[in-house]
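# Geometric and topological summary
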Amino acid sequence: MDVHPSVFKNIRVYWMAFIVYWGIVLFGYDTGIGGGVVSATYFLEHFGLLNADGSKNQKKVDAVSSNVVSVLQAGAFFGALGSAPLSAKIGRKYTLFIFSMIFCVGAILTTVASTPQRGLAEIYAGRVISGIGIGAISAVAPAFVSECSPKEVRGRITGLFQIMVATGVMISYFVNYGVGIHIPMGVNVWRIPFALQLVPAGVMFFGLFTAKASALSSTENKEALRNLAYLRREPEDSEEVLAEMAEIEAAIQEEKEARKGLGLREALFGKGNLVRFVIAFVIFFLQQWAGQNSVNYYAPQIFASIGFAARKNSLLASGIYGVIKVVATAVFIFFGIETLGRKLSLFVSAMGMGTLFFIIGALLKTHPPPALDANHPAPSPPPASKAMAAMLYIYVCFYSMGWGPLPWVYVSEIFPTRTRHYGLALASSSQWLWNFVVSKVTPDLVTDLGYKLFLMFATINIGGMAVFSLLIPETKGRSLEEMDVVFGSISKEQRRADIDKRAKEIHRSASSHSASTDQKV
């Protein structure tokens, strides 16, 4: 029985997103792997982080933990900023090629680190270099995918970003769990986790050879039309492809005429642009302080702080957390993101997370776990600790249905074509800047604040994120070119007139091409 072509109409877009987002697996894997590596007993012994009696020197452990995790974000911040001019000049696809190779250099450097004298310095340097690659990939990949996706399913396809992040984090937890159980001693405690970074990097690098450049980043109209038709699985002269191309070219032409010689100043302060840049910065500031990244980066330590003292227990609890995150994110991306809308999802997500963090903080205050003892950890966590772990599992479901995937989706939608690379670079750099801050201070916050850490996150979720979600415009179901109307850059009437004008020109060009072909035949 024949299958109707429309069943797989967007299969090429999904494939392109799948390939590009293997680079995003690196995002999740690299951010999740550091905390588990540093918590390994052999790592602490090898690099002199234990006291003479074999107990942890908590001050040194917190410092090294925060450094190993946070220098990745520091490199990513600069990688995200540096990606903007390069992707504007050579296109998204080739920018991803370059930064995937940079990432591999850093991954190799962290893998070969061995001696107590130079090992930490090599790990720090490798993490910075890897971070530069990851930061650029995180800025360019969502723009690439968003530009190639039809508006009807753009939220779902671009939302794959967060599924791949969650998958990377989950894999990192189970890699640390497997290494912790089967290889507790020796340099492979960190070499195996760091070496496995090269697998998703290689998949993305070689997979990019099968991807087409987006219509928006193609330098010639014929190439842009050809690539758009390929992605839509339609002939180049189809009404659907010509109409979409007309809308794209109308928006580009408007921006070229209004902002010739565009620079950073004009991009920021052009009509209707500043509010978009503010949203892009603030939405990731809030996302990073939602509490999720503190759990992501230091899951073993977080679970230990609520009573999972034994390393095996904390690593297993982290792995379960990662699985729930992947499943919850996938369910939301495929079944909820185009149903609930952006604003409602963000609001419900923030309120749910804030409520659960408040409950965890209250439980931890009234039922503090037994004092941690690395040499004689409790064989099983107490009932109150299990209840708090369950709350964290429910919390990650709320995170995954809103503030996990939607900031990337939202920011990739709101910018005009000509300034999208600036907007995504700012958003990604904001994400990595606050990522760096959160990852740097979390070990000290866990040690110093105790239950108050969860109350702090509850306040940010309810008082900041829930309120913010009510103030931003809804973007569900709108094309990228309509965003200029939403944010007041151009009137609805002027946009309609520009689209009609470009449509007539494209139809005339297509008719002339068809007539010329018929004459030759």
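Residue positions are given per chain, counting from 1 as you read along its sequence in written order. Local features in a predicted model are, by the rule used here, given only for residues with pLDDT of at least 70; side-chain atom pairs are given and counted only at 80 or more, and totals for whole chains, interfaces and linings are based on all residues. With hydrogens and water set aside, each side-chain value is computed from the structure's full complement of heavy atoms.

## Considering the overall build of the protein chain
Each helix is a run of DSSP H or I of at least 4 residues and each strand a run of E of at least 2, with the numbering of both proceeding from the N terminus. Across its full length, the protein chain holds 25 helices and zero strands. Between buried and exposed lies partly exposed: a residue is buried under 20% and exposed over 50% of the maximum accessible area for its type, with that area taken using a 1.4 Å probe on protein chains only. Counting all 521 residues of the protein chain, 55% fall into the buried class. We call two residues in contact when some of their heavy atoms are within 4.5 Å. Of the contacts made within the protein chain by residues no fewer than 6 positions apart, 83% connect residues no fewer than 24 positions apart. Exposure was quantified through the Shrake-Rupley algorithm and a 1.4 Å probe, taking into account, for residues, occlusion by the shown protein chains and nothing else. Accessible surface computed for the protein chain: about 21100 Å², of which carbon and sulfur atoms make up 65%.

## Structural notes on the packing of helix H21 (residues 406-414) against helix H22 (residues 420-449)
The N-to-C vectors of H21 and H22 enclose an angle of 155 degrees; their axes lie 9 Å apart at closest approach. Taken together, the axes of H21 and H22 are roughly antiparallel relative to one another. Between H21 and H22 the crossing geometry is right-handed. On H22, the residues touching Trp408, Val411 and Ser412 of H21 are Arg420, Gly423, Leu424, Ala427, Ser428 and Gln431. Three residue categories are used. Nonpolar comprises Ala, Val, Leu, Ile, Met, Phe, Trp, Tyr, Cys and Pro, charged comprises Asp, Glu, Lys and Arg, and polar comprises the others, including Gly. Here the residues of the contact of H21 with H22 sort into four nonpolar, four polar and one charged. Axis lines are fitted to C-alpha atoms, over the contacting stretch for helices. Their N-to-C directions set the angle, which ranges from 0 to 180 degrees. Here roughly perpendicular refers to angles of 65 to 115 degrees, roughly parallel to angles under 35, roughly antiparallel to angles over 145, and oblique to all remaining angles. For any pair of crossing helices, the crossing counts as left-handed if the nearer helix is rotated counterclockwise from the farther one by less than a right angle, and right-handed if it is rotated clockwise.

## Some points on a nonpolar patch on the surface
For patch detection, residues must exceed 30% relative accessible area and be free of salt bridges, and they are connected within 9 Å for like charges or within 5 Å for nonpolar side chains (Val, Leu, Ile, Met, Phe, Trp, Tyr). Basic side-chain nitrogens of Lys or Arg form a salt bridge, by our definition, when they fall within 4 Å of a carboxyl oxygen of Asp or Glu. On the surface, Phe174, Val323, Val327, Val331, Phe334 and Phe335 cluster together into a nonpolar patch covering about 540 Å² of accessible area. Here the element with the most residues in the nonpolar patch is helix H17 (residues 311-335); it accounts for five residues. With respect to the helices, strands and loops of the structure, Phe174 is situated in helix H8 (residues 160-182).

## Comments concerning the pattern of salt bridges
If you walk through the whole model with that rule in mind, you get three salt bridges. The shortest N-O distance in the salt bridge between Arg118 and Glu122 comes to 4.0 Å. Residue Glu122 is classed as buried on the basis of its relative accessible area of 18%.

## Overview of the packing of H8 against helix H9 (residues 188-195)
Where H8 meets H9, the closest approach of the two axes is 10 Å, and the angle between their N-to-C directions is 150 degrees. On the basis of their axis angle, the class for H8 and H9 is roughly antiparallel. In the packing of H8 onto H9, the handedness of the crossing is right-handed. When H8 is examined against H9, the residues Val175, Asn176 and Val179 are found in contact with a partner set consisting of Asn188, Val189, Ile192 and Pro193. Across the contact of H8 with H9, the residue classes tally to five nonpolar, two polar and no charged.

## Observations regarding the environment of Val175
Structurally, Val175 is set in helix H8. Considered as a pair, Val175 and Ile192 are 17 residues apart in the sequence and their alpha carbons are 8.4 Å apart. Residues contacting Val175, with those up to four places away along its chain left out, are Tyr29, Ile33, Pro193 and Leu196.

## Here's the deal with the environment of Tyr177
Turning to its location among the elements, Tyr177 is positioned in helix H8. A sequence separation of 141 residues divides Tyr177 from Gly36, and the C-alpha atoms of the two residues are 8.3 Å apart. What Tyr177 contacts, discounting residues up to four positions off in sequence, is Lys312, Leu315 and Leu316.

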